[in-house]
Every structure is written in structure tokens, then in C-alpha cells.
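Survey of secondary and tertiary structure
Letter by letter, the chains look like this.
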Amino acid sequence: MDVPVLKQGPYLIATVQSALTDADLAQLRRTLVEQVGRYRSRGLIVDVTAVDVLDSFACRTLRDIAHMTGFRGAETVIVGIHADLAFAMVQLGLSLEGVATALDLEEGLAYLNRKQRAAKAAAPGLRPPAGKSPTRDRRGH
Amino acid sequence: MAISEHIPIKADTDVLAARQKGRALGLQAGFASIDITLLATAISELARNILLYAREGEIELRLLHEGGRRGVMVVASDQGPGIADIERALQDGFSTSGGLGLGLPGVKRLMDSFEIRSLPGQGTVVTAVKWELR
């Protein structure tokens, strides 16, 4: 089962649309880590609204995705963990260990926008705007 | 009338199949949606343990009727290496496979009853039941 990944400005949005096997989860991790580089994304939203179960492996893969893309300069937000899943995860003793979460897609986007504004205010001009890489500009001369 | 299903666990797709069958059985037993999620999560974790530690095994799911109450029994069995120190395996944070299988204490909390039998070299049988809420 492929997970569609949408590029939305400086962000990537991955919407998990059904239950995923371990192989699907591992594929998603590879895809996202690669695409964050290809699209020079600053943020990544993984929407798990349609996921039936988040067990230890799924939870660990989400953490891995957040940490790996974090090493590549993108912040990950997990959105759409519904109440039943949250309860099951706590009973099972699972944790997302510092990975940002938001209620839904809208809140997730708002979170990333706040982060982007804060980063820009703290270090203006540190990174070029997404989509315009310095190398591409130079090649244009 | 006993409804029982045996799901062989040999690959990651079987983990998915087992928890989806568990979900269907929970629905049949009249479980609330939260309890179906707890049951499916427990089944997923037990099936994962089979793959991880024994490579293959079986999940049996059975619909129970007892005193007008319905429940789902999960029997996860394998002929893997077994667990030498069961008491330790039931402590939070214990895992022998690099931190992947939090497993057993969590599964115990997800279900209403939980029993484990294991002999080193002979395998492991976990029996757990979830009852409908009354």
C-alpha cells in the first residue's frame, strides 16, 4: 500500500490511508527521508487519521522518520492520532519521544508555520527560501 | 457455538491479517470501538513477538460466551526459543531483541486476562482474553 505524499510549499504531507505492513512503513520512511532532500522541505506532516493500530514497530518507525528527516533539516509533526489509539499506545507503554504531534492537519500546518516564522526571526537569511537553491541560481547566469 | 480462527504468522502481512480478524471478532462480540482498538493492538504486538523471536507461529482467535457475556480469546503460540525468565519478561522495559519488543507487560495491560507458558527450547504460548464491557 503506497502512501501518497503531497508537496505543499515548503512542506511535505504524507497521508496514511489504510493499515500498513512493516514493509510499507519501512518504504514510507525511505521515501520521506529522500523526498525531504529532493524538495528541500522544511517540514513534514504525517497524517495517521486512517491508521487502525499504532503498535511498537509503527511507533518506532514514526520516531525514526521524525529523527532522520530532522537530521536533514525538516521538522516532523504527526497528526490525527485518535483517542482510542492514544489510549492503546499509553497502555502499551509507547512514546513518541519528543516528536511533535498535533490534533489534525490544520493544527499541524499551523505548528509548522509558527516554527518557520520563529526560525526566520531568529536567523534571517540563514537559509534561502524553499525551492530556490543557491546552486540553481548560479547555473542561471 | 464456538467460532475460532487460526492465523499462521510467518510474515509482516500476517500481523495485519491477525489484527484485522481480531477487529472483526471484537465487533461480533459487541465490543465498544475503544476495546476493539485495544484488542487489535494486543494482537498486533503478540504476532510481532512471534515473528521477532520465533520467526513463525500461530494466532488463534476464539469468540467466547460465558454467563451471558461475550469475549475474545487470543492464543499466540510458537515453537521458538522460549523465554527463560518469564518474570523478567513481564517487567516494563525488558526486551531481548534490541528494544523492539516492549510487548508483554503492555499486552497484559491492554487485555483483561493474561497468561503465559514458556519453556526454553520448546516455545511460548500466550493466552489473553478481552471481555465486552457491561
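The numbers attached to residues start from 1 for each chain and follow its sequence in the written order. Both sets of labels track the order of writing: A upward for chains, 1 upward for ligands. Note on the predicted model: pLDDT of at least 70 is required for a residue's local features to be given, and 80 or more for side-chain atom pairs to be given and counted; whole-chain, interface and lining totals, by contrast, use all residues. With hydrogens and water set aside, each side-chain value is computed from the structure's full complement of heavy atoms.

Let's talk about the overall build of chain B
Each helix is a run of DSSP H or I of at least 4 residues and each strand a run of E of at least 2, with the numbering of both proceeding from the N terminus. Of the regular secondary structure elements, chain B holds 4 helices and 5 strands. Its helices and strands in sequence order give chain B the pattern β-α-α-β-β-α-α-β-β, from N to C terminus. Taking 2.2 N^0.38 as the reference for a compact globule, 134 residues should give roughly 14 Å; the C-alpha atoms of chain B span a radius of gyration of 14 Å, in line with that estimate. Projected onto the principal axes, the alpha-carbon positions of chain B cover approximately 40 × 25 × 20 Å. Residue exposure (1.4 Å probe, protein chains only): buried if accessible area is under 20% of the type maximum, exposed if over 50%, otherwise partly exposed. Considering chain B as a whole, with its 134 residues, one finds that 50% of them fall into the buried category. In this tally Asp and Glu are treated as negative and Lys and Arg as positive; neither His nor the chain ends contributes. Just so you know, the charge point we use is NZ for Lys, CZ for Arg, CG for Asp and CD for Glu. For chain B, the centre of its 15 positive side-chain charges and the centre of its 16 negative side-chain charges are spaced 3 Å apart. Our radius of gyration looks at C-alpha atoms and nothing else; its globule reference is 2.2 Å times the residue count to the power 0.38.

Quick look at the overall build of chain A
A tally of helices and strands in chain A yields 5 helices and 5 strands. Start at the N end of chain A and walk to the C end: the helices and strands fall as β-β-α-β-α-β-α-β-α-α. Counting across all 141 residues of chain A, residues that qualify as buried make up 44%. Considering only contacts in chain A between residues 6 or more positions apart, those separated by 24 or more positions represent 76%. Note on contacts: a residue pair qualifies if any of its non-hydrogen atoms lie within 4.5 Å across the two residues.

Digging into helix α1 (residues 22–38) of chain A
Residues and elements named next belong to chain A. In this model, α1 (17 residues) spans 24 Å end to end at C-alpha, consistent with the 24 Å of a helix rising 1.5 Å per residue. Taken as a whole, α1 has its buried residues at Asp22, Asp24, Leu25, Ala26, Leu28, Leu32, Val33, Gln35 and Val36. Positive backbone phi, at 50 degrees, marks Arg40, one or two positions downstream of α1. Expected helix span is taken as 1.5 Å per residue step, with the number of steps being one fewer than the number of residues.

Side note on the side chain of Thr127 of chain B
Residue and element names in this part refer to chain B. Along the chain, Thr127 turns up in strand β5 (residues 123–131). By relative accessible area, Thr127 is classed as buried at 18%. Excluding its chain neighbours within four sequence positions, the residues that come into contact with Thr127 are Met73, Val74, Val75, Ser113, Phe114 and Glu115.

Details of the sheet that holds strand β4 (residues 75–79) of chain A
The strands that make up a sheet are held in pairs by hydrogen bonds between backbone atoms, and each pair lies either parallel or antiparallel. All names here are of chain A. In short, DSSP must find at least two bridges between two strands for them to pair. The 5 strands are arranged β1-β2-β3-β4-β5 in an open sheet whose pairing can be described as mixed. In the strand order of this sheet, the two ends are held by β1 (5–8) and β5 (100–102), each with one partner. Strand-to-strand, the axes of this sheet are offset by a mean angle of 25 degrees, without reference to chain direction. Where β1 meets strand β2 (residues 11–15), 4 bridges bridge the pair, whose relative direction is antiparallel. Bridge pairing in β2 places Lys7 opposite Leu12. Interaxial angle, 0 to 180 degrees, is taken between N-to-C directions of lines fitted to C-alpha atoms, where a helix line uses only the stretch in contact. Each of β3 (43–47) and β4 is contacted by helix α2 (residues 56–71), which is oriented at about 155 degrees to β4, the strand it contacts most. Across the sheet, helix α4 (residues 105–122) touches β2, β3, β4 and β5, and the angle it forms with β4 is around 160 degrees.

Focus: the confidence of the model for chain A
Low-pLDDT stretches of the model should not have their predicted coordinates read in fine detail. Taken over all residues, the pLDDT of chain A has a mean of 89, while the share at 70 or more is 88%. The predictor reports its confidence for every residue as pLDDT, a score running from 0 up to 100. Of the regions scoring below 50 in pLDDT, residues 136–141 of chain A engages in 1 contact with residues more than four places distant in sequence or in other chains.

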